[in-house]
There are 2 protein chains.
Amino acid sequence: MRVLGVDPGLTRCGVGVVEGVAGRPLTMLGVGVVRTPADAELGQRLVAVEQGIEQWLDEHRPECVAVERVFSQHNVRTVMGTAQASAVAMLCAARRGIPVALHTPSEVKAAVTGSGRADKAQVGAMVTRLLRLDAPPKPADAADALALAICHIWRAPAQNRLQQAVALHASKGRTA
Amino acid sequence: MRVLGVDPGLTRCGVGVVEGVAGRPLTMLGVGVVRTPADAELGQRLVAVEQGIEQWLDEHRPECVAVERVFSQHNVRTVMGTAQASAVAMLCAARRGIPVALHTPSEVKAAVTGSGRADKAQVGAMVTRLLRLDAPPKPADAADALALAICHIWRAPAQNRLQQAVALHASKGRTA
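For clarity, every value in this text was computed on a predicted model and none was experimentally measured. (Residues numbered from 1 in each chain as written. Chains lettered and ligands numbered in written order. Predicted model: local features only at pLDDT ≥ 70, side-chain atom pairs only at ≥ 80, totals over all residues. Heavy atoms only, no water.)

Regarding the relation of the copies chain A and chain B
Taken as rigid bodies, chain A and chain B are interconverted by a rotation of 180° and an axial shift of 0.0 Å, the fit giving an RMSD of 0.0 Å. Taken together, the rotation and translation describe the operation of a two-fold axis. Rotation axis and chain A: the residue whose C-alpha lies nearest the axis is A:Gln84, separated from it by 2.6 Å. A shared interface surface links the copies, since 100% of the contact residues of chain A are contact residues in chain B too. (Least-squares fit on C-alpha atoms with pLDDT ≥ 70 in both. Contact = heavy atoms within 4.5 Å.)

Spelled out as C-alpha coordinates, the structure:
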(Lines give C-alpha, C1' and ligand atoms only; values in the text may rest on other atoms or scores of the structure.)
Protein backbone atom coordinates (compact mmCIF):
# COMPACT_ATOMS: atom_id res chain seq x y z
CA MET A 1 0.00 0.00 0.00
CA ARG A 2 1.38 3.39 -1.03
CA VAL A 3 0.09 6.39 0.95
CA LEU A 4 0.63 10.13 0.52
CA GLY A 5 0.40 11.83 3.91
CA VAL A 6 -0.51 15.52 3.92
CA ASP A 7 -0.04 17.81 6.93
CA PRO A 8 -2.10 20.73 5.57
CA GLY A 9 -1.06 24.34 5.84
CA LEU A 10 -0.92 27.42 3.62
CA THR A 11 2.59 28.56 4.52
CA ARG A 12 4.03 25.04 4.79
CA CYS A 13 2.09 21.97 3.63
CA GLY A 14 3.99 18.82 4.64
CA VAL A 15 3.91 15.90 2.20
CA GLY A 16 5.38 12.42 2.58
CA VAL A 17 4.99 9.13 0.72
CA VAL A 18 5.30 5.80 2.54
CA GLU A 19 4.92 2.30 1.13
CA GLY A 20 4.31 -0.90 3.07
CA VAL A 21 1.82 -3.04 4.93
CA ALA A 22 1.01 -3.32 8.62
CA GLY A 23 3.45 -5.64 10.40
CA ARG A 24 6.30 -5.25 7.88
CA PRO A 25 9.12 -2.68 7.63
CA LEU A 26 7.95 0.49 5.86
CA THR A 27 9.73 2.41 3.09
CA MET A 28 9.82 6.17 2.60
CA LEU A 29 9.51 7.07 -1.09
CA GLY A 30 9.63 10.83 -0.72
CA VAL A 31 9.19 13.72 1.67
CA GLY A 32 8.93 17.48 1.26
CA VAL A 33 7.03 20.67 1.85
CA VAL A 34 4.78 22.68 -0.47
CA ARG A 35 5.30 26.34 0.45
CA THR A 36 3.33 29.41 -0.54
CA PRO A 37 4.35 33.04 0.11
CA ALA A 38 2.51 34.61 3.07
CA ASP A 39 2.15 37.91 1.18
CA ALA A 40 0.44 36.36 -1.87
CA GLU A 41 -3.33 36.59 -2.32
CA LEU A 42 -5.29 33.74 -0.75
CA GLY A 43 -6.62 32.48 -4.09
CA GLN A 44 -3.09 32.36 -5.53
CA ARG A 45 -1.83 30.49 -2.47
CA LEU A 46 -4.55 27.87 -2.92
CA VAL A 47 -3.59 27.50 -6.59
CA ALA A 48 0.06 26.98 -5.53
CA VAL A 49 -0.98 24.30 -2.99
CA GLU A 50 -3.04 22.59 -5.71
CA GLN A 51 -0.09 22.59 -8.13
CA GLY A 52 2.23 21.21 -5.44
CA ILE A 53 -0.14 18.39 -4.44
CA GLU A 54 -0.78 17.53 -8.10
CA GLN A 55 2.98 17.14 -8.65
CA TRP A 56 3.26 14.74 -5.71
CA LEU A 57 0.26 12.72 -6.96
CA ASP A 58 1.71 12.62 -10.49
CA GLU A 59 5.13 11.51 -9.30
CA HIS A 60 4.14 8.91 -6.70
CA ARG A 61 0.66 7.66 -7.76
CA PRO A 62 -0.46 6.82 -4.19
CA GLU A 63 -3.38 4.44 -3.59
CA CYS A 64 -4.61 6.57 -0.74
CA VAL A 65 -4.16 10.11 0.58
CA ALA A 66 -4.15 10.56 4.38
CA VAL A 67 -4.89 14.11 5.54
CA GLU A 68 -4.80 15.50 9.06
CA ARG A 69 -8.32 16.12 10.34
CA VAL A 70 -8.63 19.81 11.17
CA PHE A 71 -10.29 21.07 14.34
CA SER A 72 -11.16 24.69 15.00
CA GLN A 73 -9.93 24.58 18.59
CA HIS A 74 -6.69 26.38 17.77
CA ASN A 75 -5.82 29.89 16.61
CA VAL A 76 -8.56 31.26 14.37
CA ARG A 77 -6.38 32.53 11.51
CA THR A 78 -4.24 29.39 11.42
CA VAL A 79 -7.16 26.99 11.47
CA MET A 80 -8.81 28.70 8.50
CA GLY A 81 -5.65 28.36 6.39
CA THR A 82 -5.30 24.75 7.51
CA ALA A 83 -8.91 23.97 6.62
CA GLN A 84 -8.52 25.62 3.22
CA ALA A 85 -5.25 23.82 2.39
CA SER A 86 -6.74 20.48 3.51
CA ALA A 87 -9.76 21.11 1.26
CA VAL A 88 -7.42 21.55 -1.72
CA ALA A 89 -5.53 18.32 -0.88
CA MET A 90 -8.78 16.35 -0.52
CA LEU A 91 -10.13 17.85 -3.75
CA CYS A 92 -6.99 16.87 -5.72
CA ALA A 93 -7.21 13.26 -4.46
CA ALA A 94 -10.99 12.85 -4.87
CA ARG A 95 -10.86 14.28 -8.40
CA ARG A 96 -8.56 11.38 -9.36
CA GLY A 97 -10.74 8.84 -7.56
CA ILE A 98 -8.06 8.29 -4.88
CA PRO A 99 -9.62 7.51 -1.47
CA VAL A 100 -9.07 10.16 1.19
CA ALA A 101 -8.63 9.20 4.86
CA LEU A 102 -8.66 11.66 7.75
CA HIS A 103 -6.77 11.05 10.99
CA THR A 104 -6.68 13.30 14.03
CA PRO A 105 -3.34 14.56 15.39
CA SER A 106 -3.74 12.38 18.50
CA GLU A 107 -4.49 9.28 16.41
CA VAL A 108 -1.30 9.91 14.45
CA LYS A 109 0.81 10.48 17.57
CA ALA A 110 -0.66 7.40 19.25
CA ALA A 111 0.02 5.29 16.15
CA VAL A 112 3.71 6.14 15.86
CA THR A 113 4.71 6.79 19.51
CA GLY A 114 2.12 4.92 21.58
CA SER A 115 0.91 8.18 23.16
CA GLY A 116 -1.70 10.58 21.76
CA ARG A 117 0.02 13.42 23.62
CA ALA A 118 3.57 12.89 22.32
CA ASP A 119 5.51 16.03 21.35
CA LYS A 120 6.97 16.89 17.94
CA ALA A 121 10.46 15.63 18.84
CA GLN A 122 9.08 12.22 19.84
CA VAL A 123 7.07 11.93 16.61
CA GLY A 124 10.15 12.94 14.61
CA ALA A 125 12.31 10.37 16.42
CA MET A 126 9.84 7.53 15.81
CA VAL A 127 9.33 8.45 12.14
CA THR A 128 13.14 8.36 11.75
CA ARG A 129 13.33 4.93 13.41
CA LEU A 130 10.31 3.38 11.67
CA LEU A 131 11.47 4.49 8.21
CA ARG A 132 15.17 3.79 9.00
CA LEU A 133 16.25 7.34 8.13
CA ASP A 134 19.61 8.92 9.04
CA ALA A 135 18.00 11.97 10.69
CA PRO A 136 14.52 13.30 11.47
CA PRO A 137 12.92 14.92 8.41
CA LYS A 138 12.83 18.73 8.63
CA PRO A 139 10.71 20.80 9.00
CA ALA A 140 8.29 19.19 11.49
CA ASP A 141 5.47 19.44 8.91
CA ALA A 142 7.37 16.99 6.68
CA ALA A 143 7.84 14.53 9.57
CA ASP A 144 4.15 14.89 10.48
CA ALA A 145 3.14 14.07 6.90
CA LEU A 146 5.19 10.84 7.06
CA ALA A 147 3.64 10.02 10.46
CA LEU A 148 0.18 10.45 8.90
CA ALA A 149 1.05 8.02 6.12
CA ILE A 150 2.43 5.47 8.61
CA CYS A 151 -0.66 5.89 10.82
CA HIS A 152 -2.90 5.20 7.84
CA ILE A 153 -1.03 2.06 6.76
CA TRP A 154 -1.27 0.67 10.29
CA ARG A 155 -4.88 1.70 10.92
CA ALA A 156 -6.28 0.82 7.49
CA PRO A 157 -6.77 -2.95 8.12
CA ALA A 158 -8.80 -2.24 11.29
CA GLN A 159 -10.78 0.52 9.56
CA ASN A 160 -11.57 -1.74 6.61
CA ARG A 161 -12.78 -4.52 8.93
CA LEU A 162 -14.98 -1.97 10.73
CA GLN A 163 -16.44 -0.63 7.47
CA GLN A 164 -17.15 -4.19 6.29
CA ALA A 165 -18.90 -4.96 9.58
CA VAL A 166 -21.01 -1.79 9.32
CA ALA A 167 -21.88 -2.56 5.68
CA LEU A 168 -22.82 -6.15 6.60
CA HIS A 169 -24.98 -4.93 9.48
CA ALA A 170 -26.68 -2.38 7.20
CA SER A 171 -27.41 -4.98 4.51
CA LYS A 172 -28.83 -7.38 7.11
CA GLY A 173 -31.03 -4.54 8.37
CA ARG A 174 -32.39 -3.97 4.86
CA THR A 175 -33.17 -7.65 4.17
CA ALA A 176 -34.74 -8.20 7.62
CA MET B 1 -18.83 45.08 -13.82
CA ARG B 2 -20.08 41.49 -13.60
CA VAL B 3 -19.65 39.77 -10.22
CA LEU B 4 -20.30 36.21 -9.08
CA GLY B 5 -21.20 36.21 -5.38
CA VAL B 6 -20.60 32.97 -3.47
CA ASP B 7 -22.10 32.23 -0.04
CA PRO B 8 -19.94 29.18 0.70
CA GLY B 9 -21.26 25.96 2.22
CA LEU B 10 -20.96 22.23 1.66
CA THR B 11 -24.65 21.36 1.89
CA ARG B 12 -25.84 24.53 0.16
CA CYS B 13 -23.44 26.90 -1.61
CA GLY B 14 -25.34 30.02 -2.74
CA VAL B 15 -24.33 31.56 -6.07
CA GLY B 16 -25.59 34.73 -7.74
CA VAL B 17 -24.44 36.88 -10.64
CA VAL B 18 -25.05 40.65 -10.66
CA GLU B 19 -24.01 43.16 -13.29
CA GLY B 20 -23.75 46.91 -12.90
CA VAL B 21 -21.79 49.83 -11.51
CA ALA B 22 -22.11 51.78 -8.29
CA GLY B 23 -24.80 54.46 -8.51
CA ARG B 24 -26.78 52.80 -11.32
CA PRO B 25 -29.59 50.19 -11.24
CA LEU B 26 -28.18 46.66 -11.00
CA THR B 27 -29.18 43.60 -13.00
CA MET B 28 -29.39 40.01 -11.79
CA LEU B 29 -28.08 37.59 -14.42
CA GLY B 30 -28.55 34.37 -12.46
CA VAL B 31 -29.05 32.89 -9.03
CA GLY B 32 -28.94 29.37 -7.66
CA VAL B 33 -27.53 26.93 -5.17
CA VAL B 34 -24.84 24.26 -5.57
CA ARG B 35 -25.87 21.37 -3.32
CA THR B 36 -23.91 18.32 -2.22
CA PRO B 37 -25.34 15.29 -0.38
CA ALA B 38 -24.57 15.32 3.35
CA ASP B 39 -23.90 11.56 3.33
CA ALA B 40 -21.26 11.71 0.56
CA GLU B 41 -17.56 11.57 1.40
CA LEU B 42 -15.95 14.95 2.04
CA GLY B 43 -13.61 14.69 -0.94
CA GLN B 44 -16.53 13.91 -3.26
CA ARG B 45 -18.50 16.84 -1.87
CA LEU B 46 -15.60 19.19 -2.60
CA VAL B 47 -15.40 17.82 -6.16
CA ALA B 48 -19.15 18.50 -6.56
CA VAL B 49 -18.72 22.10 -5.30
CA GLU B 50 -15.84 22.56 -7.75
CA GLN B 51 -17.92 21.28 -10.67
CA GLY B 52 -20.83 23.54 -9.69
CA ILE B 53 -18.68 26.68 -9.39
CA GLU B 54 -16.92 25.87 -12.68
CA GLN B 55 -20.32 25.70 -14.42
CA TRP B 56 -21.27 29.13 -13.08
CA LEU B 57 -17.91 30.59 -14.16
CA ASP B 58 -18.25 29.03 -17.61
CA GLU B 59 -21.77 30.30 -18.09
CA HIS B 60 -21.42 33.85 -16.76
CA ARG B 61 -17.70 34.73 -17.18
CA PRO B 62 -17.62 37.15 -14.21
CA GLU B 63 -14.85 39.75 -13.90
CA CYS B 64 -14.67 39.20 -10.16
CA VAL B 65 -15.74 36.59 -7.62
CA ALA B 66 -16.90 37.86 -4.20
CA VAL B 67 -16.81 35.26 -1.44
CA GLU B 68 -18.03 35.57 2.14
CA ARG B 69 -15.10 35.83 4.54
CA VAL B 70 -15.32 32.92 6.97
CA PHE B 71 -14.79 33.30 10.71
CA SER B 72 -14.42 30.43 13.13
CA GLN B 73 -16.67 32.03 15.73
CA HIS B 74 -19.64 29.80 14.88
CA ASN B 75 -20.37 26.11 15.16
CA VAL B 76 -17.17 24.08 14.70
CA ARG B 77 -18.47 21.52 12.19
CA THR B 78 -20.27 24.15 10.10
CA VAL B 79 -17.32 26.52 9.95
CA MET B 80 -14.98 23.80 8.68
CA GLY B 81 -17.35 22.94 5.82
CA THR B 82 -17.76 26.64 5.07
CA ALA B 83 -13.99 27.22 5.03
CA GLN B 84 -13.48 24.20 2.77
CA ALA B 85 -16.22 25.21 0.31
CA SER B 86 -14.89 28.79 0.22
CA ALA B 87 -11.40 27.44 -0.53
CA VAL B 88 -12.77 25.57 -3.55
CA ALA B 89 -14.59 28.68 -4.82
CA MET B 90 -11.46 30.85 -4.42
CA LEU B 91 -9.33 28.17 -6.10
CA CYS B 92 -11.66 27.97 -9.13
CA ALA B 93 -11.57 31.75 -9.59
CA ALA B 94 -7.82 32.21 -9.00
CA ARG B 95 -7.00 29.35 -11.40
CA ARG B 96 -8.71 31.36 -14.16
CA GLY B 97 -6.99 34.58 -13.13
CA ILE B 98 -10.29 36.06 -11.89
CA PRO B 99 -9.76 38.41 -8.89
CA VAL B 100 -11.25 37.16 -5.63
CA ALA B 101 -12.68 39.61 -3.07
CA LEU B 102 -13.70 38.69 0.47
CA HIS B 103 -16.40 40.54 2.39
CA THR B 104 -17.57 39.87 5.93
CA PRO B 105 -21.24 39.11 6.65
CA SER B 106 -21.61 42.46 8.44
CA GLU B 107 -20.07 44.37 5.51
CA VAL B 108 -22.57 42.71 3.19
CA LYS B 109 -25.54 43.43 5.47
CA ALA B 110 -24.44 47.03 5.96
CA ALA B 111 -24.01 47.49 2.20
CA VAL B 112 -27.50 46.34 1.24
CA THR B 113 -29.59 47.30 4.31
CA GLY B 114 -27.60 50.07 5.99
CA SER B 115 -27.13 47.95 9.13
CA GLY B 116 -24.41 45.36 9.79
CA ARG B 117 -26.79 43.53 12.12
CA ALA B 118 -29.75 43.17 9.74
CA ASP B 119 -31.53 39.80 9.73
CA LYS B 120 -31.97 37.43 6.78
CA ALA B 121 -35.48 38.70 5.97
CA GLN B 122 -34.22 42.28 5.70
CA VAL B 123 -31.31 41.24 3.44
CA GLY B 124 -33.73 39.23 1.27
CA ALA B 125 -36.15 42.18 1.04
CA MET B 126 -33.42 44.64 0.01
CA VAL B 127 -31.92 42.22 -2.55
CA THR B 128 -35.42 41.85 -4.03
CA ARG B 129 -35.85 45.63 -4.21
CA LEU B 130 -32.35 46.47 -5.49
CA LEU B 131 -32.51 43.85 -8.26
CA ARG B 132 -36.20 44.57 -9.00
CA LEU B 133 -37.25 40.94 -8.49
CA ASP B 134 -40.82 39.70 -7.99
CA ALA B 135 -39.99 37.83 -4.77
CA PRO B 136 -36.99 37.23 -2.48
CA PRO B 137 -34.68 34.53 -3.90
CA LYS B 138 -34.93 31.23 -1.99
CA PRO B 139 -33.16 29.70 -0.14
CA ALA B 140 -31.48 32.42 1.97
CA ASP B 141 -28.04 31.25 0.72
CA ALA B 142 -29.03 32.31 -2.81
CA ALA B 143 -30.16 35.76 -1.59
CA ASP B 144 -26.93 36.10 0.43
CA ALA B 145 -24.86 35.33 -2.67
CA LEU B 146 -26.63 38.14 -4.57
CA ALA B 147 -26.10 40.49 -1.59
CA LEU B 148 -22.36 39.66 -1.70
CA ALA B 149 -22.20 40.52 -5.39
CA ILE B 150 -24.09 43.82 -4.81
CA CYS B 151 -21.82 44.64 -1.86
CA HIS B 152 -18.76 44.09 -4.02
CA ILE B 153 -19.99 46.29 -6.88
CA TRP B 154 -20.70 49.10 -4.42
CA ARG B 155 -17.52 48.73 -2.37
CA ALA B 156 -15.13 48.08 -5.27
CA PRO B 157 -14.57 51.77 -6.26
CA ALA B 158 -13.59 52.69 -2.68
CA GLN B 159 -11.40 49.58 -2.36
CA ASN B 160 -9.64 50.35 -5.64
CA ARG B 161 -8.93 53.95 -4.58
CA LEU B 162 -7.53 52.62 -1.29
CA GLN B 163 -5.31 50.09 -3.06
CA GLN B 164 -4.06 52.77 -5.46
CA ALA B 165 -3.23 55.05 -2.53
CA VAL B 166 -1.38 52.24 -0.75
CA ALA B 167 0.53 51.36 -3.94
CA LEU B 168 1.42 55.03 -4.51
CA HIS B 169 2.62 55.36 -0.93
CA ALA B 170 4.71 52.16 -1.25
CA SER B 171 6.31 53.29 -4.53
CA LYS B 172 7.14 56.70 -2.99
CA GLY B 173 8.71 54.88 -0.05
CA ARG B 174 10.92 52.86 -2.40
CA THR B 175 12.10 55.84 -4.44
CA ALA B 176 12.76 57.98 -1.33
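Examining the pattern of salt bridges
Residue and element names in this part refer to chain B. Evaluated as defined, the whole model comprises 20 salt bridges over all chains. For Arg2, the salt bridge identified is with Glu19, shortest N-O distance 3.0 Å. Placement of the pair is Arg2 in strand β1 (residues 2-7) and Glu19 in strand β2 (residues 12-19), with a sequence separation of 17 residues. Take Glu19: its relative accessible area is 29%, and that puts it in the partly exposed class. (Salt bridge = Lys/Arg side-chain N within 4 Å of Asp/Glu carboxyl O. Helix = DSSP H or I, 4+ residues; strand = E, 2+ residues; numbered from the N terminus. Buried < 20%, exposed > 50% of the residue type's maximum accessible area, 1.4 Å probe, protein only.)

Things to note about the side chain of A:Thr104
With respect to the helices and strands, A:Thr104 occurs in the loop between β5 (100-103) and α3 (105-113). Excluding anything up to four places from it in sequence, A:Thr104 contacts A:Arg69 and A:Phe71.

Brief notes about the nonpolar core
A:Val6, A:Ile53, B:Val6 and B:Ile53 are the most contacted members of the largest nonpolar core, which has 51 residues in total. Ignoring any residue separated from it by four or fewer positions in sequence, one finds B:Ile53 in contact with B:Val6, B:Cys13, B:Val15, B:Val34, B:Ala89 and B:Cys92. (Core = buried A, V, L, I, M, F, W, Y, C linked by side-chain atoms within 4.5 Å.)

As for the side chain of B:His60
Residue and element names in this part refer to chain B. Mapped onto the elements of the fold, His60 is located in helix α1 (residues 42-60). We classify His60 as buried; its relative accessible area is 9%. When near neighbours in sequence (up to four residues on either side) are disregarded, His60 contacts Arg2, Val17, Leu29 and Gly30.

Regarding the UniProt feature "active site" (unreviewed entry) in chain A
Residue and element names in this part refer to chain A. Taking the UniProt record as the reference, the feature "active site" (unreviewed entry) is found at Asp7, Glu68 and Asp141. Annotated residues spanning 135 residues; largest pairwise C-alpha distance 11.0 Å, indicating a single compact cluster. Its location among the elements puts Asp7 in strand β1 (residues 2-7). What makes Asp7 buried here is its relative accessible area of 7%. When sequence neighbours within four positions are dropped, the list of residues in contact with Asp7 reads Arg12, Cys13, Gly14, Glu68, Asp141, Asp144, Ala145 and Leu148. Here Asp141 lies in helix α5 (residues 140-175). Its relative accessible area of 14% is what places Asp141 among the buried residues. With residues up to four places along the chain from it excluded, the contact list for Asp141 reads Asp7, Arg12 and Gly14. For Asp141, the side chain forms a polar contact with the side chain of Arg12, separated by 2.9 Å. (UniProt positions renumbered as here; feature names shortened; annotations may be inferred. Polar contact = N/O pair within 3.5 Å; in protein donor to acceptor, adjacent residues only side chain to side chain.)

Quick word on the interface of chain A and chain B
A common way to report how large an interface is uses the accessible area buried once the components associate. The partner chain B presents 22 residues to the 22 residues of chain A that form the contact. Buried surface at the junction of chain A and chain B, summed over both partners, amounts to about 1,900 Å²; 74% is from carbon and sulfur atoms. At the surface where chain A touches chain B, the tally comes to two salt bridges. For the side of chain A that touches chain B, the elements supplying multiple residues, two or more each, are α1 (42-60) and α2 (76-95) of chain A. (Buried area = accessible area lost by both parts, 1.4 Å probe.)

Comments concerning the packing of α3(A) against helix α4 (residues 120-130) of chain A
All names here are of chain A. Orientation of α3 relative to α4, taken along the N-to-C sense of each, is 50°, at an axis distance of 9 Å. Taken together, α3 and α4 sit at an angle that is classed as oblique. α4 is crossed by α3, and the crossing has left-handed handedness. On the side of α3, the interface is formed by Lys109, Val112 and Thr113, while α4 contributes Gln122, Val123, Met126 and Leu130. Residue composition of the contact of α3 with α4, by class: four nonpolar, two polar and one charged. (Axes fitted to C-alpha atoms, helices over the stretch in contact; angles between N-to-C directions. Parallel < 35°, antiparallel > 145°, perpendicular 65-115°, else oblique. Left-handed = near helix turned anticlockwise from the far one by under 90°. Nonpolar A, V, L, I, M, F, W, Y, C, P; charged D, E, K, R; others polar.)

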